[in-house]
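Structural description and commentary
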There are 2 protein chains.
Amino acid sequence: MVRRTSLREADCPVARSLDTIGDWWSLLIIRDAFDGMRRFGEFQKSLGVAKGILSARLNSLVNADVLALVPASNGSAYKEYVLTEKGRGLFHVIVGLRQWGEAHLFAPGEPHSELIDIAAGQPVGPLEFHSLDGRVLGWEGTVVRKVSAKT
Amino acid sequence: MVRRTSLREADCPVARSLDTIGDWWSLLIIRDAFDGMRRFGEFQKSLGVAKGILSARLNSLVNADVLALVPASNGSAYKEYVLTEKGRGLFHVIVGLRQWGEAHLFAPGEPHSELIDIAAGQPVGPLEFHSLDGRVLGWEGTVVRKVSAKT
DNA sequence: CTATTTGGTCCTATAATAGGACCAGTTGTC
DNA sequence: GACAACTGGTCCTATTATAGGACCAAATAG
């Protein structure tokens, strides 16, 4: 009853997404996974999170098919956590958070990590959102249509 | 000492963003704000969250300059919470979560709320991410360059 | 003026997180 | 192979956050 609210059955895709990866640590783990981290110890060192919590989060993400537990790539007996295709689908979310943070949470000139376009060897451009016919859309150009109520 | 981890000073913009809006309720409040909700009671009814929590979250978001507390638009003595420009900058994050949820968290044919392109009167297209010279970028085409360590 | 709505505060119980002790299996060193 | 160190956890305790609801003052409705 005092169970933490579950949004697993919500009509809104945003709510369901947050139910899966909306806690305090999951998106940071996924960010690190995009940066190439794979081992339990790597995540633990990078995040400084308690091991018990990390263990719970990793299991939860594996359970949600965001991460997969695979044999270590170097042939050792240990396992590694890698992004699944579903997990890699969160790229735009991570990039969105990154660009918002860059734009609003750093003082001018304050150093921060940067996302680099490998082919061009330079920083990336802004995330964009388009209509089906190609116009760039902003928040003003859109509206959410609720799922038809049970009438 | 057992204070919840703060990421306010992190080098990574993703971490700083999550420090501001990465808790269990903030992004849902922001989603509702994009949907046009403005009053305390509207948020409370929509989310079903305890009023004390909602109060704390709203104050925190106002403090972070994501929401602003303004006089009610209908002339009453009540106040309303509206997105600031900084808050509206989270549009891409919300859209990213929405599209990921739509793609991976609903059964085929299962109904869900939809984001509509007003001008075209139809659902929107996918969020895209481009290089500075216009190519569409995916996670494989990018790498994070860490801020130069204190060498 | 009275009743209801609105927008909160405050309290208690439960759940989640932080920090660290502890431990088994794996790997590195000689 | 013996031993030490490393890795990847589990488990315990203390603190913080959340859920749910009682309560209350100001605003509005009738």
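Small disclaimer: the values here were computed from a predicted structure and weren't measured. (Residues numbered from 1 in each chain as written. Chains lettered and ligands numbered in written order. Predicted model: local features only at pLDDT ≥ 70, side-chain atom pairs only at ≥ 80, totals over all residues. Heavy atoms only, no water.)

1. Structural notes on the sheet that holds strand β3 (residues 114-117) of chain B
Sheets are built from strands that pair by backbone hydrogen bonding, the pairs being arranged parallel or antiparallel. For clarity, the cut-off: Note: two strands are recorded as paired if DSSP finds a minimum of 2 bridges between them. Note on conventions: DSSP H or I runs of at least 4 residues are helices, E runs of at least 2 residues are strands, and numbering of each starts at the N terminus. Throughout, a residue-residue contact means that at least one pair of heavy atoms, one from each residue, lies within 4.5 Å. To define axes, lines are fitted to C-alpha atoms, for helices over the stretch in contact only, and angles between the resulting N-to-C directions are given on a 0 to 180 degree scale.
Read across the sheet, three strands follow the order β6(A)-β3(B)-β4(B) without closing on themselves; strand pairing throughout is antiparallel. Two strands close off the open sheet at either side, each with one partner strand: β6 (142-145) of chain A together with β4 (122-123) of chain B. Two elements, β3(B) and β4(B), share two bridges in a ladder whose sense is antiparallel. Considered in β4(B), the bridge of B:Asp117 is made with B:Gln122. Where helix α6 (residues 91-104) of chain B meets the sheet, it contacts β6 of chain A together with β3 of chain B, and its direction lies at approximately 125° from that of β3(B).

2. Here we look at the pairing of β6(A)
Cut-off, in case you're wondering: For every residue, the accessible area obtained with a 1.4 Å probe (protein chains only) is divided by the maximum for its type, and the residue is called buried under 20%, exposed over 50%, and partly exposed between those limits.
Only one face of β6(A) is covered, namely the face carrying A:Thr142 and A:Val144; the face carrying A:Val143 and A:Arg145 is uncovered. Alignment of β6(A) against β3(B), held across four bridges, turns out to be antiparallel. Counted as the bridge partner of A:Val144 is B:Leu115 from β3(B).

3. Observations regarding empty space enclosed by the protein
Filter applied, for reference: A pocket here means an open set of points on a 1 Å grid, computed over the protein atoms alone, that has protein on both sides within 12 Å along at least five of seven lines. A cavity is instead a set of points where a 1.4 Å probe fits but cannot get out; residues with an atom within 4 Å of a point line either one. Grid points are joined across faces, edges and corners, and a volume is the space filled by probe spheres set on the points. Under the scheme applied, nonpolar residues are Ala, Val, Leu, Ile, Met, Phe, Trp, Tyr, Cys and Pro; charged residues are Asp, Glu, Lys and Arg; polar residues are all the others, including Gly.
This structure, assessed with the given rule, holds one cavity of 30 Å³ or more. A:Leu18, A:Ile21, A:Gly22, A:Asp23, A:Leu27, B:Leu18, B:Ile21, B:Gly22, B:Asp23 and B:Leu27 together form the lining of the largest cavity. Mapped onto the lining of the largest cavity, the elements with two or more residues apiece are α1 (13-21) of chain A together with α1 (13-21) of chain B. Broken down by class, the residue content of the lining of the largest cavity amounts to six nonpolar, two polar and two charged.

4. Section: the pattern of salt bridges
What counts is decided by this rule: Salt bridge, as used here: a side-chain nitrogen of Lys or Arg that lies within 4 Å of a carboxyl oxygen of Asp or Glu.
Taken as a whole and assessed by the stated rule, the structure comprises 20 salt bridges over all chains. A:Arg16 is paired through a salt bridge with B:Glu110; the nearest N and O atoms lie 2.7 Å apart. Here A:Arg16 is found in helix α1, whereas its partner B:Glu110 is found in the loop between α6 and β3 on a different chain. Classification of B:Glu110 by relative accessible area gives partly exposed; the value is 28%. The salt bridge partner of B:Arg57 is B:Asp23, with a shortest N-O separation of 3.1 Å. On the criterion of sequence distance, the pair formed by B:Arg57 in helix α4 (residues 51-63) and B:Asp23 in the loop between α1 and α2 (26-34) is long-range, its members being 34 residues apart. Owing to a relative accessible area of 13%, B:Asp23 belongs among the buried residues under this scheme. Taken together, the shared-partner salt bridges in this structure form one network comprising A:Asp117, B:Asp133 and B:Arg135.

The values reported here are purely geometric and, on their own, carry no functional implication.
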